Amino acid sequence: MIGPFTYTALPVRVVFGAGSLAALPAEVAALGLTRVLVLCSPEQEEAGTRVAAALGDRAAGVLAEARVHVPVEVAHRARARAVELGADGCVAVGGGSAVGLGKAIALEHGLPVVAVPTTYAGSEMTPIWGLTEAGAKRTGRDPRVLPRSVVYDPELTLTLPAQLSATSGINAVAHAVEGLYAPDTNPVVSLMAEEGVRALAAALPAVVADGGDLDARGEAQYGAWLCGAVLGATTTGLHHKLCHTLGGTLDLPHAPTHTVVLPHALAYNAPAVPGAVAALSRALGGTPDPARELWELAGRLGAPRSLRELGVTEDDVDRVAGLAVAAPYPNPRPVTRAGVTALLRAAWAGEPPA
Ligand code: NAD
């Protein structure tokens, strides 16, 4: 039986395809923006400067200070810079960190964000913001932070290193996995999730083998778009909660953490979500065990498969398990302290998901 469900499609305009960066000035102009602040991380300053040059007079400046998890100090500086320059919008060039900084400005000043993603994180398709203060990350949803326009140009992802391509791609897969069993999932979201996983699983081995393979880069970015849209439309469960807790408490790298945890979180929930397992099985070439297949995929991509190699200690596991069960949240299978501890222990040791 289909439904009942409620679905609000989010109003993001998408311009997709190799070379589509050329459309950015027109996208900015169509929004009536005349003085945008270009945001990027310090490592991508050159890309930010190139984008600002392409925007000509419509670029008011470049701020190359985006950092993972958006520290509040960085958000304060960026907001002050936007005001000082009289910016009427932002163009975020980069991964989730650059887009997150644009969202932090939008949250306070309501400036529209145009996103030019260069990883597969998917933040550009969501109304979710995050800010980190004194080691604690706060997140929320606000329609003001949803980018108005997203320019996906796979040429900009050619420089994404193999390791980050692999982990960022699996981060995107995680959005789709949790979207398939979210309490607010629906048939449209499920289609996007299944197709997003299929596209990423097909493209990532080719991307890792040859980062310059533009066709594979395009397919991976298409998958990332779909998975990001799924994240934007649904409520996340155990997997995202664990990654949020691990990342915030232990300052772990975002995409590798998702890569390690996902097979274990999916294996935990699988008995409760046969429909999601069937969709993932189709997306992953017919495997009866999608959790195991995601673990194998991470291995084939040379991505990390243990929390231990990310610097987590065995003692951390118990602490994080305690924090992860402290506040209730929706999940298809009841979240118990013993269950989470066993899951995290296997993820810590790098064992296959059970
Ligand atoms: P990131 O944006 O921090 O980028 C990682 C590194 O890769 C940076 O040094 C960046 O400069 C570099 N990089 C990015 N693209 C590159 C390219 N094409 N070539 C070379 N180098 C490149 O990492 P991320 O994984 O994209 O984003 C992680 C952050 O995004 C986290 O803070 C996470 O919480 C957030 N996030 C938010 C949402 C949301 O919906 N709000 C969704 C996903 C992730």
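Reading the values: rules and limits
Residues numbered from 1 in each chain as written. Predicted model: local features only at pLDDT ≥ 70, side-chain atom pairs only at ≥ 80, totals over all residues. Heavy atoms only, no water. Phe/Tyr/Trp six-rings, centres within 6.5 Å; stacked < 30°, edge-to-face > 60°. Helix = DSSP H or I, 4+ residues; strand = E, 2+ residues; numbered from the N terminus. Buried < 20%, exposed > 50% of the residue type's maximum accessible area, 1.4 Å probe, protein only. Lys NZ or Arg CZ within 6 Å of the ring centre and 35° of its normal. Axes fitted to C-alpha atoms, helices over the stretch in contact; angles between N-to-C directions. Left-handed = near helix turned anticlockwise from the far one by under 90°. Contact = heavy atoms within 4.5 Å. Domains from an automatic or database assignment. Nonpolar A, V, L, I, M, F, W, Y, C, P; charged D, E, K, R; others polar. Pairing = 2+ DSSP bridges. Near = heavy atom within 4 Å. Polar contact = N/O pair within 3.5 Å; in protein donor to acceptor, adjacent residues only side chain to side chain. Core = buried A, V, L, I, M, F, W, Y, C linked by side-chain atoms within 4.5 Å. Disulfide = S-S within 2.5 Å. Expected span 1.5 Å × (residues − 1).

### Concerning the packing of aromatic side chains
- According to the stated counting rule, one finds 2 aromatic pairs in the structure shown.
- With centroids separated by 5.8 Å and ring planes inclined at 50°, the aromatic side chains of Phe16 and Tyr152 adopt a geometry described as tilted. On the criterion of sequence distance, the pair formed by Phe16 in strand 1 (residues 13–16) and Tyr152 in strand 8 (residues 149–152) is long-range, its members being 136 residues apart.
- Its relative accessible area of 37% is what places Phe16 among the partly exposed residues.
- Ring centres of Tyr222 and Trp225 lie 6.2 Å apart, and the angle between their planes is 55°; on these two criteria the pair is classed as tilted. Taken together, the residues Tyr222 and Trp225, both in helix 7 (residues 214–233) and 3 residues apart, mark about one turn of the helix.
- Classification of Tyr222 by relative accessible area gives partly exposed; the value is 26%.
- Lying across the ring of Trp295, Arg305 places its NZ or CZ 3.6 Å from the centre.
- The ring centre of Tyr268 lies 4.2 Å from the NZ or CZ of Arg333, which sits over that ring.

### As for the packing of helix 5 (residues 162–180) against helix 7
- Across the interface, helix 5 lies against helix 7 with an axial gap of 8 Å and an inter-helix angle of 40°. Read as a crossing pair, helix 5 and helix 7 show a hand that is left-handed. Residues Ser165, Ala172, Val173, His175, Ala176 and Gly179 of helix 5 lie in contact with helix 7, whose contacting residues are Arg217, Ala224, Cys227, Val230 and Leu231.

### Here we look at the domain arrangement of the protein
- Split into domains, the protein comes out as domain 1 (13–157) and domain 2 (162–349).
- A C-alpha centroid distance of 25 Å is found between domain 1 and domain 2.
- Counting residues at the interface gives 22 residues for domain 1, matched by 26 residues for domain 2.
- Elements with a contribution of two residues or more to the side of domain 1 that touches domain 2: strand 1 and strand 7 (136–141).
- Ranked by the residues each element gives to the side of domain 1 that touches domain 2, the list is headed by strand 7, at 3 residues.
- When grouped by side-chain class, the residues that make up the side of domain 1 that touches domain 2 number 11 nonpolar, 7 polar and 4 charged.

### Side note on the environment of Val317
- Of note, Val317 is situated in helix 12 (residues 314–324).
- Note on Val317: relative accessible area 2%, which makes it buried.
- Remark: the alpha-carbon pair of Val317 and Asp153, spanning 164 residues in sequence, is separated by 39 Å.
- Setting aside residues no more than four positions away along its own chain, Val317 makes contact with Thr341, Leu344, Arg345 and Trp348.

### Focus on the sheet that holds strand 8
- Taken in spatial order, the 6 strands make up an open sheet running 1-8-5-4-2-3, and their pairing is parallel. What marks the edges here is a single partner per strand, and that holds for strand 1 and strand 3 (59–63). Averaged over all neighbouring strand pairs, the angle between strand axes comes to 15°, with direction disregarded.
- Looking at chain direction, strand 5 (residues 113–117) and strand 8 are connected through 2 bridges and run parallel. By the bridge assignment for strand 8, Ala115 is matched with Val150.
- Contacts from helix 4 (residues 96–109) reach strand 2 (36–39), strand 3, strand 4 (89–94) and strand 5 within the one sheet, and its direction differs from that of strand 4 by about 165°.

### Regarding the site of the ligand
- Neighbouring the ligand are 23 residues; Ser41, Ser97, Thr118, Thr126 and Lys137 lie closest to it.
- His69 is positioned with one of its backbone polar atoms (N or O) 3.0 Å from an oxygen atom of the ligand.
- A distance of 2.7 Å is found between an oxygen atom of the ligand and a side-chain nitrogen or oxygen belonging to Thr119.
- Examining the composition of the shell around the ligand, we find that 3 residues originate from one element, helix 4, more than from any other.
- Composition of the shell around the ligand by domain shows at least three residues from each of domain 1 (13–157) and domain 2 (162–349).

### With respect to the pairing of strand 7
- In terms of strand pairing, strand 6 (residues 128–133) meets strand 7 through 6 bridges, oriented antiparallel. Bridging across to strand 7, Leu131 finds its partner in Arg138.
- Counted between consecutive antiparallel strands, the loop separating strand 6 from strand 7 contains 2 residues, among which Ala134 sits at a positive phi close to 50°.

### Looking at the nonpolar core
- Ranked by internal contacts, the top residues of the largest apolar core, which has 76 residues, are Leu37, Leu101, Ile105, Tyr120, Val177 and Leu294.
- The dominant element in this core, judged by the number of residues it contributes, is helix 6 (residues 187–209), at 9 residues.
- Structurally, this core is a two-domain feature, drawing no fewer than three residues from each of domain 1 (13–157) and domain 2 (162–349).
- Core analysis: the next-biggest nonpolar cluster, separate from the first, contains 23 residues, Leu246, Val261, Leu310 and Ala324 among them.

### Remarks on the state of the cysteines
- All chains considered together, the criterion is met by 0 disulfides.
- Cys243 supplies the cysteine sulfur nearest to Cys227, a cysteine that is in no disulfide, at a spacing of 15 Å.

### Let's talk about helix 8 (residues 238–250)
- With 13 residues, helix 8 ought to run about 18 Å at 1.5 Å a step, and its terminal C-alpha atoms sit 18 Å apart, in line with that.
- Residues of helix 8 that are buried include every one of Leu238, His239, His240, Leu242, Cys243, Thr245, Leu246, Gly247 and Leu250, and no others.
- Here the buried face of helix 8 lies against helix 5, helix 7, helix 9 (254–269), helix 12 and helix 13 (337–349).
- Two residues or fewer past helix 8, Asp251 is found with a positive phi of approximately 55°.

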